[in-house]
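Fold and geometry: a report
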Amino acid sequence: MKDQWNAFMDGQLNIVPSAAGKLNGRTFAVKDVFDIKDYLASAGNPDWLKTHQPATQNAPVINLLLDQGAYLKGTTHTDELMYSLNGENFHYGTPTNPYAQDRIPGGSSSGSAVAVAAGLVDFALGTDTGGSIRIPSSYCGLFGYRPTHGLVNIEGVVPLAKSFDTVGWMANSAEVLLGVGEVLVQHDDEIHDSFDSIYFEREAWSFVEGDTKDCLINAVSILSELYNNSDTIVISDEGLTDWSQLFRSIQGIEIWQEHGTWIEAVNPTFGPGIRERFEWSSTLNQHELDSLNNHKEKIKRKLSSLLKTNGLLVIPTAPGEAPLRKSSLEDMETYRTKAMKLTCIAGLTGFPQVTIPLLKSNGIPIGLSFIANQYQDIQLLRWVKRLTSVLVEKNVNIATK
């Protein structure tokens with residue numbers, strides 16, 4: 001399998017299925033943070049490789065996929081210790097976005113996104129703490145899924161911030177996205193699979209402009225036709241900037257709790273942007289964590305009472321199309337800050353979020369996202385599969401490779 005896109009780490013794998021099942025013949029890749037027996041994950045950093053040992057067994061999610069007939073084809077590039085949304089790795093290079101080779105692929109599940117977008121595999125696993133499935137899915141024209149926090153087994157995965165870490169996945173179709181979900185998510189076959197209340201978050205929609213907004217609104221207008229019970233609301237009294245800062249503070253404290261001892265002992269070499277982020281996390285007051293988490297729980301309860309079992313929050317996945325490669329560090333940090341005002345909603349609540357890939361008139365992808373209440377995962381994935389069929393029938397330009 002030729003990899004002209006720099007999606008995979010060196011030494012591609014070919015692990016055959018252990019049984020037949022729902023994913024017969026499907027191929028997949030995994031972000032280089034998952035345990036694979038006798039393989040040492042890099043977490044995107046050479047010093048991590050030097051100071052850790054190969055895994056003694058597969059991460060449970062990998063075994064679930066192998067048990068259902070899927071073939072594991074390799075491990076994919078990631079940002080260093082998953083602490084970025086860009087996909088640019090100082091040590092291993094940047095995977096090439098197949099839709100826009102002059103633009104970043106998004107991170108930290110960059111290689112996974114590129115492997116799927118380039119057609120090298122049918123789907124790929126990544127992790128999503130602050131947006132690392134959703135953002136690269138938006139940039140690379142993919143269906144992407146971040147599940148309810150804690151619902152999918154994350155054992156055998158390098159952690160970042162455990163209050164937010166999830167195993168997510170990306171695919172080129174809603175059908176495959178659902179199929180993977182039905183393997184990884186424990187669900188009730190009798191679950192209702194419809195939503196009838198659609199909410200558009202006013203501030204979130206203010207972040208997109210011009211042809212990006214026009215593209216998204218085209219799909220949203222069809223939603224408004226399908227659902228009489230739709231409304232534009234404001235979910236944050238204090239504003240999404242404050243929510244984003246709350247997320248970043250909790251995340252930063254937890255990151256330093258998780259990796260601070262290793263960083264101080266090893267003094268690893270981090271690339272620009274990553275280094276400054278870890279330095280910032282080391283300065284946070286860990287004694288504030290309880291009060292910050294109390295605020296997070298209030299946000300979760302408030303949004304849960306709005307969505308119930310039949311509501312969806314509709315937002316842009318990202319503020320715009322993928323930024324150009326080799327943009328300045330300052331520009332990238334500004335864009336990341338804006339993106340996290342969107343990604344923090346599912347992060348703080350722990351709710352599931354799915355992004356679907358639309359194509360702008362210039363051929364660049366952009367994602368449209370739907371957030372449901374916790375544990376509505378299979379319901380949400382089934383709904384998106386039906387919605388995608390409707391959008392295609394109505395000539396909405398869905399990104400497919």
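For the structure, check the block above.
So, here's what we can say about the structure.

Conventions used here
- Residues numbered from 1 in each chain as written.
- Predicted model: local features only at pLDDT ≥ 70, side-chain atom pairs only at ≥ 80, totals over all residues.
- Heavy atoms only, no water.
- Helix = DSSP H or I, 4+ residues; strand = E, 2+ residues; numbered from the N terminus.
- Rg over C-alpha atoms; globule rule 2.2 N^0.38 Å.
- Areas by Shrake-Rupley, 256 points an atom, 1.4 Å probe, with all protein chains shown as cover.
- Lys, Arg positive; Asp, Glu negative; His and termini not counted.
- Charge placed at Lys NZ, Arg CZ, Asp CG, Glu CD.
- Phe/Tyr/Trp six-rings, centres within 6.5 Å; stacked < 30°, edge-to-face > 60°.
- Buried < 20%, exposed > 50% of the residue type's maximum accessible area, 1.4 Å probe, protein only.
- Lys NZ or Arg CZ within 6 Å of the ring centre and 35° of its normal.
- Core = buried A, V, L, I, M, F, W, Y, C linked by side-chain atoms within 4.5 Å.
- Contact = heavy atoms within 4.5 Å.
- Pairing = 2+ DSSP bridges.
- Axes fitted to C-alpha atoms, helices over the stretch in contact; angles between N-to-C directions.

**Re the overall build of the chain**
Counting its regular elements, the chain contains 12 helices and 10 strands. The C-alpha atoms of the chain give 19 Å as radius of gyration, which agrees with the globular expectation for 401 residues (21 Å, within 12%). Dimensions of the chain along its principal axes, counting C-alpha atoms only, are 55 × 50 × 40 Å. Within the structure as shown, the chain displays about 15,200 Å² of accessible surface, and the carbon and sulfur contribution to it stands at 45%. Side-chain charges in the chain split into 33 positive and 46 negative, and the spacing between the mean points of these groups amounts to 2 Å.

**A closer look at the packing of aromatic side chains**
One pass over the structure, following the stated rule, counts 10 aromatic pairs. With 5.0 Å between their ring centres and 65 degrees between their planes, Trp48 and Trp262 make a pair best called edge-to-face. Of the two residues, Trp48 sits in helix H1 (residues 46–50) while Trp262 sits in helix H8 (residues 240–266), which places them 214 residues apart along the sequence. The pair Trp48 / Trp262 is uniform in exposure class, with both members buried. Centre to centre, the rings of Tyr139 and Tyr335 are 6.4 Å apart; their planes meet at 50 degrees, and the pair counts as tilted. On the criterion of sequence distance, the pair formed by Tyr139 in helix H4 (residues 134–140) and Tyr335 in helix H11 (residues 329–349) is long-range, its members being 196 residues apart. Residue Tyr139 shares its accessibility class with Tyr335, and that shared class is buried. Every member of this aromatic cluster is reached through a ring pair, and the members are Phe195, Tyr227, Phe370 and Trp383. Note that Arg248 overlies the ring of Trp280, its terminal NZ or CZ placed 5.1 Å from the centroid.

**Here we look at the nonpolar core**
In this structure, Phe370 and Trp383 are the most contacted members of the largest nonpolar core, which totals 113 residues. If one sorts the elements of this core by residue count, H8 sits on top with 10 residues. Residue contacts for Trp383: discarding those within four places in its chain leaves Phe195, Ile198, Leu223, Tyr227, Leu312 and Phe370. Phe8, Val114, Val116 and Val121 belong to the second-largest nonpolar core, a separate cluster that totals 16 residues.

**Concerning the sheet that holds strand E9 (residues 353–359)**
Strand order in the open sheet formed by 10 strands is E2-E1-E3-E5-E4-E9-E10-E8-E6-E7, and the pairing between neighbours is mixed. A single partner strand is all that each edge strand has here, and the edge strands are strand E2 (71–76) and strand E7 (230–233). When strand polarity is set aside, the average angle formed by the axes of neighbouring strands in this sheet is 25 degrees. Bridge count between strand E1 (residues 27–31) and strand E3 (residues 123–128): 3 bridges; the pairing is parallel. If you follow Ala29 over to E3, its bridge partner there is Ala124.

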